[in-house]
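A structural walkthrough
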Amino acid sequence: MGRKPIIALDGPAGSGKSTQARALAERLGYRYLDTGAMYRSVALAARRAGVGPEDGAALGALLERISIVLEASPEGPRVLLDGADVSAEIRTPEISRVVSGYASRPEVRMAMVRLQREQGRDGGLVAEGRDIGSVVFPDAEVKFYVEASLEERARRRLRDFGADESDTERLEEVLADIANRDSVDTGREHSPLLVAEDAVRIDTTGLTVDEVLEIMLARVAEVTGCSTES
Ligand code: DC
């Protein structure tokens, strides 16, 4: 058999794409690439260095000197920034709030896309993000666009934080944050979030992880001509 396929998974914050991408990669025995974690690592490095998203020259210099490595570990995927594990630090509310500003910068996108393409050289990859099917791997064999209602996405985020879903004040806060990120990610000039022409759209509202996984596996089997039964 030739090179294994690349599977692109795009969608907005909280759509469930990370969970699905990880489950799909595990089931297929492919590597998993969380490109959002890479943008988050840049945001963390920039905050630490006191570099704002508007300072293109300083951002360019920062990108030259930092190293971002994503690796698999028994506890799940880990993100190393200059060799140190920052998997927890890149998920703080502060980084979530500022990351889209950095992710909208062309110098940041160019550097990250280059790293992402290196990861896809040998195929056998499930990559998730916002521009995977449209920009990073336009020739990916399988593309999914995963979405869910804004309310459902906010509830999932609260659950991720271990917060009470009936806390309406908190829910409103998370909802506003997600809506704001959607609008920055969709409205930006460089590589905005969009549905690739040949992507299969899946609305995950009200579906379980397994149900979505079955839809994805069926599509992978259809495209590759191989059974994905375990
Ligand atoms: O998926 P996430 O919430 O971890 O993504 C973090 C931020 O990075 C989010 O604002 C969108 C941005 N992002 C992007 O612009 N392009 C990608 N391929 C992945 C994420």
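Above this text you will find the structure in question.
Residues numbered from 1 in each chain as written. Predicted model: local features only at pLDDT ≥ 70, side-chain atom pairs only at ≥ 80, totals over all residues. Heavy atoms only, no water.

**So, the site of the ligand**
Quick reminder of the rule: To be near a molecule or strand, a residue needs just one of its heavy atoms within 4 Å of it. Any N or O atom pair separated by 3.5 Å or less is treated as a polar contact, with the protein-specific requirement of one donor-capable and one acceptor-capable atom, and with residues adjacent in sequence counted only for side-chain atom pairs. The accessible surface values rely on the Shrake-Rupley method and a 1.4 Å probe; as for residues, cover is taken only from the protein chains in view. Working definition: helices are DSSP H or I runs of at least four residues, strands are E runs of at least two. Numbering for both runs from the N terminus. Nonpolar residues are Ala, Val, Leu, Ile, Met, Phe, Trp, Tyr, Cys and Pro. Charged residues are Asp, Glu, Lys and Arg, and all others, Gly as well, are polar.
Taken together, 16 residues form the shell around the ligand, and within it Arg40, Arg109, Asp131, Arg181 and Arg188 come nearest. Contact distances for the ligand include 2.8 Å between an oxygen atom and a side-chain N or O atom of Arg109. Within the side chain of Arg130, one N or O atom sits 2.9 Å away from an oxygen atom of the ligand. Across the complex, the protein chains shield 98% of the 450 Å² of accessible surface that the ligand would expose by itself. Secondary-structure elements contributing two or more residues to the shell around the ligand are helix H2 (35-49), helix H4 (93-103) and helix H8 (168-187). Top contributing element to the shell around the ligand by residue count: H2, with 4 residues. Here the residues of the shell around the ligand are counted per class, giving 3 nonpolar, 4 polar and 9 charged.

**Some thoughts on the side chain of Asp182**
Note the threshold: Residue burial is assigned from relative accessible area. The probe radius is 1.4 Å, only protein chains are included, and a residue is buried under 20% of its type maximum, exposed over 50%, and partly exposed in between. Contacts are assigned to residue pairs with any non-hydrogen atoms lying within 4.5 Å of each other.
In this structure, Asp182 sits in helix H8. With a relative accessible area of 17%, Asp182 lands in the buried category. Excluding residues within four positions of it along the chain, Asp182 makes contact with Pro12, Ala13, Leu150 and Arg153.

**A few points about the nonpolar core**
Operational definition: We call a set of buried residues a nonpolar core when its members are Ala, Val, Leu, Ile, Met, Phe, Trp, Tyr or Cys and they connect through side-chain atoms within 4.5 Å of each other.
The biggest cluster of nonpolar side chains holds 36 residues, and the ones touching the most others in it are Tyr39, Leu59, Ile68, Leu81, Val108, Met112 and Phe137. When residues of this core are traced back to their parent elements, those giving at least two are strand E1 (6-10), H2, helix H3 (56-65), strand E4 (78-81), H4, helix H5 (106-120), strand E6 (125-129) and helix H6 (132-136). If one sorts the elements of this core by residue count, H2 sits on top with 8 residues. Setting aside chain neighbours within four positions, we find Phe137 in contact with Ile6, Gln116, Arg117, Gly120, Leu125, Ala127, Ile132 and Lys143. Among the nonpolar cores identified, the runner-up in size contains 19 residues, and Ile7, Tyr30, Tyr32 and Met216 belong to it.

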